[in-house]
Structure formats: structure tokens, C-alpha cells
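Structural features, examined
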Amino acid sequence: MAELLGKLTAAMGTYGPAVLFYGVAGLVLASAAYAVVAKKIDHSAFSLMACFTGVAALYAMLGSDFLAVTQVIVYVGGIMILIVFGVLLTDRLPVEYRQISRETVVQGLAVAVPVMAALVWAAAGTSWPVVAEAAAAAAPPAAGGTDPGTTAAIGKLLLTDYLFPFEFASVLLLVALVGAARMARGGAK
Amino acid sequence: MNPALRPFLEIGLTHYLVLSSLMFSLGILAMVARRNAIGVLIGIELILNAANVNLVAFGRFTDAGPQGPVFAIFVIMLAAAEAAIALALLLSLFERSGSVSLDEASELKG
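Structural notes, computed from the coordinates. What you are looking at is a predicted structure, and each value in this text was computed from that prediction instead of being measured.

What chain B contains, in helices and strands, is four helices and zero strands. Listing the helices and strands of chain B from first to last along the sequence gives α-α-α-α. Here the C-alpha atoms of chain B give a radius of gyration of 19 Å, more than 25% beyond the 13 Å that 2.2 N^0.38 yields for 110 residues. C-alpha extents for chain B along the principal axes are approximately 60 × 30 × 20 Å. A burial count over chain B gives 54% of its 110 residues as buried. Put simply, 53% of the contacts in chain B that link residues at least 6 apart link residues at least 24 apart.

Okay, structure coming up:
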């Protein structure tokens, strides 16, 4: 029994990251594909929510804790609510516009498949300047056994090197939200 | 570990790049194939997420460090602003013409 358990733990150590990655990647791709082809737009919206959650898991697996939380708050909590509101407020369409037609799917595949082929070829064929895995893995546990995370480093960068884009983004968000509120109230006429 | 399976079992930068390429193409498919404007918006969000996965993966696996997540944060900010504007435009369009079909929104064609 203990022998079997030991073997299982060793297998988890070897294959665990791969199993985790392929599981999450499968979830992300399957829910994204269903969001694209679903007949009803509300099914599509909820499938997109699963996709965003899977992307948050990907960020966590990449060691980017702050971004994983931001993804859940902004996408799953904010943008998804906006999209669901959009669906609910405009869902009085005739059936033929809600469905996705064979003709447009063929047109879409004619664009998407060559793009996918080119991107996969470029991603798999280029030798990226990857830092040695040992150095990258050894860096975090240096601070007394606990992983310090990336939040402090991101905060420092945002308030030093990227201060101007950071402040500019806040102005941009303000302008966009005021403009959106103005437009949505029907004042554009 | 079987050496033939090594490229598939050691998850590295390329795995994340291929995954985000697939997400990106699904987003393009949604943008072209959907006639409903909300479906097109869903495609755009997929594309932005694919770009973010790329940025974070480069930040983790190359010497870019925390700059990858910082750029991803800017992309998320822009995506939020874009979603708000797009949905306001959709509501305005729906008020005017009673539909969010992109085939019918052709007034500006002249």
C-alpha cells in the first residue's frame, strides 16, 4: 500500500504539472469554442465566464497571483456582468439573428484557420530567449521559505517606470465610463 | 520519463503560446461568424485574453519579469473601457433600430 502511494506521489511529481496544464487548457479551449458556436447568445455568455475563470487558473499556474485575482474581479465579476446585461436588454431578436449560420461559419473558418496555422507555426518554430528553468524556479523561495508573490514588484513598477501610463489609463477609464453612461441613456440623438 | 514524450510533458513557454494562438483564432472565428454584435464582442474579449496569456507567459519564462503582468494589467484596463463603450453603443443601436444585428446596422454605408 505504502509502496503504491509512493509510486503515485512520484508520478504526480513528474506528470502533475502536465496533467494540470492540459486539464485547464482543455477547459479554456472547450468553453471558448462553445462560446463561439453556441446557438443561443446567453449560453455563449456563460460559457465565456468558464473560459475567463480557466484563464485565471492559467495565470495562477504561471506564478502571477495578482493577475489571477484581477482576472476574476474584472472579467468574471465586471465584464461578464456587462455582457449579460447587454444580452438581457437586447434579447428580442428574431431567431435567425441569434443563430450562427453555416455560411458565416465557413467564412470565419477561412480567416481563422490560416491565422491559427501561422501563429502555431511561429510559436512552435521560434527559439525564444527562455531563462533557465532552474534559475526561474529558485528565485521565489529565497525570502524565508514563503513565496513573496508578484504583487509588490508590480506595484513598484506601476508607480515608478510606468507611472505616466498608469495615470493616463485612469483618465482614459473616466472618459470612457462617462461617455458610455451618456450614450446608453439615449442622449446621442 | 519517456524521452519521446518529454516535449509534451515538460510545460514550457511554447505550450502557453500555442494555447493562446488557439484562443486567438477562436476569437477571430467569433468576430467573423457571429451576426449578433454581442457575439462579436465576445470574440474580441477572447482575443484580448489570448494576448494577456502571452504577456504573462513571457513574463514568467523570459527575463522580462514583472513587466509581463504589468502590460497585461494595462490590457485588462483597456478591455474594461472597451466593453463599457461597446455595450453603450449596442444599447443605443438597439434603441434606434430595435436589433443588434450587424447586417442591419448599415446606415453609415451611404
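Don't stop here, the text continues.
In this section: a nonpolar patch on the surface. A surface patch of nonpolar side chains, about 440 Å² in accessible area, is lined by Phe 164, Phe 168 and Leu 172 of chain A together with Leu 78 of chain B. Among the elements that make up the nonpolar patch, the one with the highest residue count is helix H8 (residues 163-184) of chain A (three residues). Structurally, Leu 78 of chain B can be placed in helix H4 (residues 67-97).

Once that is clear, we can look at the packing of aromatic side chains. Scanning the model with the defined rule gives eight aromatic pairs over all chains in all. Arg 60 of chain B extends its terminal NZ or CZ atom over the ring of Phe 61 of chain B, reaching a point 5.1 Å from the ring centre.

On to the side chain of Ser 64 of chain A, then. Along the polypeptide, Ser 64 of chain A turns up in the loop between helix H2 (41-61) and helix H3 (65-90). Sequence-distant contacts of Ser 64 of chain A, defined by excluding residues within four places in its chain, comprise Tyr 59 and Thr 150 of chain A together with Val 56 and Pro 69 of chain B.

Residue and element names in this part refer to chain B. With their axes 7 Å apart at the nearest point, helix H2 (residues 13-33) and helix H3 (residues 37-61) run at an angle of 165° to one another. With respect to each other, H2 and H3 are oriented roughly antiparallel. Relative to H3, the crossing made by H2 is left-handed. For the contact of H2 with H3, a count of residues per class yields 18 nonpolar, six polar and no charged.

Reading guide: rules and limits
- Residues numbered from 1 in each chain as written.
- Chains lettered and ligands numbered in written order.
- Predicted model: local features only at pLDDT ≥ 70, side-chain atom pairs only at ≥ 80, totals over all residues.
- Heavy atoms only, no water.
- Helix = DSSP H or I, 4+ residues; strand = E, 2+ residues; numbered from the N terminus.
- Rg over C-alpha atoms; globule rule 2.2 N^0.38 Å.
- Buried < 20%, exposed > 50% of the residue type's maximum accessible area, 1.4 Å probe, protein only.
- Contact = heavy atoms within 4.5 Å.
- Patch = residues over 30% accessible without salt bridge, like charges linked within 9 Å, V, L, I, M, F, W, Y side chains within 5 Å.
- Areas by Shrake-Rupley, 256 points an atom, 1.4 Å probe, with all protein chains shown as cover.
- Salt bridge = Lys/Arg side-chain N within 4 Å of Asp/Glu carboxyl O.
- Phe/Tyr/Trp six-rings, centres within 6.5 Å; stacked < 30°, edge-to-face > 60°.
- Lys NZ or Arg CZ within 6 Å of the ring centre and 35° of its normal.
- Axes fitted to C-alpha atoms, helices over the stretch in contact; angles between N-to-C directions.
- Parallel < 35°, antiparallel > 145°, perpendicular 65-115°, else oblique.
- Left-handed = near helix turned anticlockwise from the far one by under 90°.
- Nonpolar A, V, L, I, M, F, W, Y, C, P; charged D, E, K, R; others polar.

Shape descriptors only; they carry no functional weight alone.
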